[in-house]
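# Structure assessment
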Amino acid sequence: MFKIITAVIGRDLKLAMRRQADIVSALFFFIIVVSLFPLGIGPEPDLLRKLAPGVLWVAALLATMLSLPRLFADDHRDGTLEQLALAPHPLGLVVTGKVIAHWLVSGLPLALVAPVLGIQFDLSADALIVLTFAILIGTPALSGIGAIGAALTLGLRGGGVLVSLLVLPLYIPVLIFGAGAVDATVTGLGGEGHLSLLAALTFASLGFAPWATAAALKIALE
Amino acid sequence: MKDRFNLYRFASPATFYPLAGAMIPYFVAVSVVFGLAGLWLGMLVAPTDFQQGEGYRIIFIHVPASWMSMFIYLVMAFWAAIGLAFNTRLSGMMAQALAPTGALMAFLSLLTGALWGKPMWGAWWVWDARLTSELILLFLYIGYMALTAAIDDNRRSDKAGALLLLVGVVNIPIIYFSVKWWNTLHQGSSVNLAKSSMATTMLWGMLLMAMCFWMYSIAIAFMRVRTIMLERERNTEWVKAVLTGGEK
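With an unreviewed UniProt entry as reference, chain B is termed Heme exporter protein C, source organism Candidatus Dechloromonas phosphorivorans. For chain B, the Sequence similarities (unreviewed entry) comment in UniProt is given as "Belongs to the CcmC/CycZ/HelC family." Recorded under Function (unreviewed entry), the UniProt text for chain B is reproduced unchanged: "Required for the export of heme to the periplasm for the biogenesis of c-type cytochromes."

Under the annotation held in an unreviewed UniProt entry, chain A carries the name Heme exporter protein B and is attributed to Candidatus Dechloromonas phosphorivorans. Its UniProt record gives chain A a comment under Sequence similarities (unreviewed entry), which states: "Belongs to the CcmB/CycW/HelB family."

Here we take up the overall build of chain B. If you tally the helices and strands in chain B, you get 7 helices and 0 strands. Along chain B, from the amino end to the carboxyl end, the secondary structure elements read α-α-α-α-α-α-α. Taken across its 248 residues, chain B has 46% of its residues classed as buried. For chain B, contacts bridging at least 24 residues in sequence account for 78% of all contacts bridging at least 6. As displayed, chain B has an accessible area near 13,100 Å², and 68% of this comes from carbon and sulfur atoms.

Let us now look at the interface of chain B and chain A. Facing the 24 residues of chain B at the interface are 24 residues of chain A. Around 2,100 Å² of area is buried between chain B and chain A when both sides are counted, 78% of it from carbon and sulfur atoms. The three residues of chain B that bury the most area against chain A are Ala150, Arg156 and Leu163 of chain B, which together make up 27% of that side's buried surface. Put simply, chain B and chain A have 3 salt bridges between them. Its salt-bridge partner being Arg157 of chain A, residue Asp152 of chain B comes within 2.9 Å of it at the nearest N-O pair.

The next thing to look at is the UniProt feature "transmembrane region" (unreviewed entry) in chain B. Residue and element names in this part refer to chain B. As annotated by UniProt and renumbered to match this structure, "transmembrane region" (unreviewed entry) occupies residues 21-45, 65-86, 98-117, 129-151, 163-182 and 202-225. Between the first and last C-alpha atoms of residues 21-45 the distance is 36 Å; the span itself is 100% helix and 0% strand. As a span, residues 98-117 carries 100% helix and 0% strand, and end to end its C-alpha atoms are 28 Å apart.

Criteria and cut-off values
Residues numbered from 1 in each chain as written. Chains lettered and ligands numbered in written order. Predicted model: local features only at pLDDT ≥ 70, side-chain atom pairs only at ≥ 80, totals over all residues. Heavy atoms only, no water. UniProt positions renumbered as here; feature names shortened; annotations may be inferred. Helix = DSSP H or I, 4+ residues; strand = E, 2+ residues; numbered from the N terminus. Buried < 20%, exposed > 50% of the residue type's maximum accessible area, 1.4 Å probe, protein only. Contact = heavy atoms within 4.5 Å. Areas by Shrake-Rupley, 256 points an atom, 1.4 Å probe, with all protein chains shown as cover. Buried area = accessible area lost by both parts, 1.4 Å probe. Salt bridge = Lys/Arg side-chain N within 4 Å of Asp/Glu carboxyl O.

In structure tokens, the structure reads:
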């Protein structure tokens, strides 16, 4: 069971490494969007400190979404996806592998640059740690839920815009608890509760979303 | 030859089309009757609220619209589950026929809520849990309609839409509670069957209006599903017979 997951992860990572520009552009999209906010709002540190969690999380949502259409599109175009669906392994496990690979390529880099961007917003050290940790454990849920949307819109015209309509409303709980964790830390309430819920969302979506995604892929491949 | 009544007979568009057509006038009539009774009770009979004055009367539209917006999503999810499980053609059509009405109800609920909120809270919009989740419900409706509209193949559009509905219905409680914990300022629910905090006439007016909205939704969904049937089955004999042989 784990063999097929690790095999898919290895394959997707190798493909991603051959096209590093894709990873880097999504990452820079995140950095640019976050950097635009102080320019739009003004440089007062108090205001920025208050806005930082929300701004960083919304930007993380958008950056993750940006890379979603590519999750299945390339494999669909060259026929790999059909072969994966025909393989004796359950398609849900294959999708689990692809989701994990997607997170390693798109979610993990966000968590790595988040503290740097947090400094731009004058966040305290505690808040930076919680922010990084929240993005680290929250983004797998984004990849998992997003995979459903990517599979549903596979091969459709205007798929990129459509995927955002489908997926963004479902991202709201992650946004609320992710930004809430940082907020609670800043106000001194402690973010453990939010982080626990965020981890719960991640585990639930990693457990269930791949199977919904597999069903959506089968519909799309019919 | 056995010719007993069989409910599954109406699972086919060819037989459901005339049945829906025959039922629409009744639903419209019942909706109008309930609507007139509800409006009479709500606007003329129900006493003026001592805190909110006459402005509260918008709840006779607001509350039924909110109920319907949530209920229609559940009905759509029900049809989605039936369609995915039994591969029935009609369930996808029903779900697609209901979606615009559900979106309209969600929009009406937000609109009347804003009109009520301005004099009562002093703001058109506040970010409290119920308003926000109603807004998210509207987004879910729009996402569903956008997805089904983007897929040309009917079979795929039904199934993909059904899957999205099921995913949405699982997520609604999660979204609701996350938004609720995020912020709560709304007044508590005042409809309670055991111990209602409002006058009986108000409750009856509201229930009558809810029935009116309910019947309206069924009638309009039937009208829409008839159009969808004709469009999708345009190459079949029964549609030709319907279209050339006059009405019904």
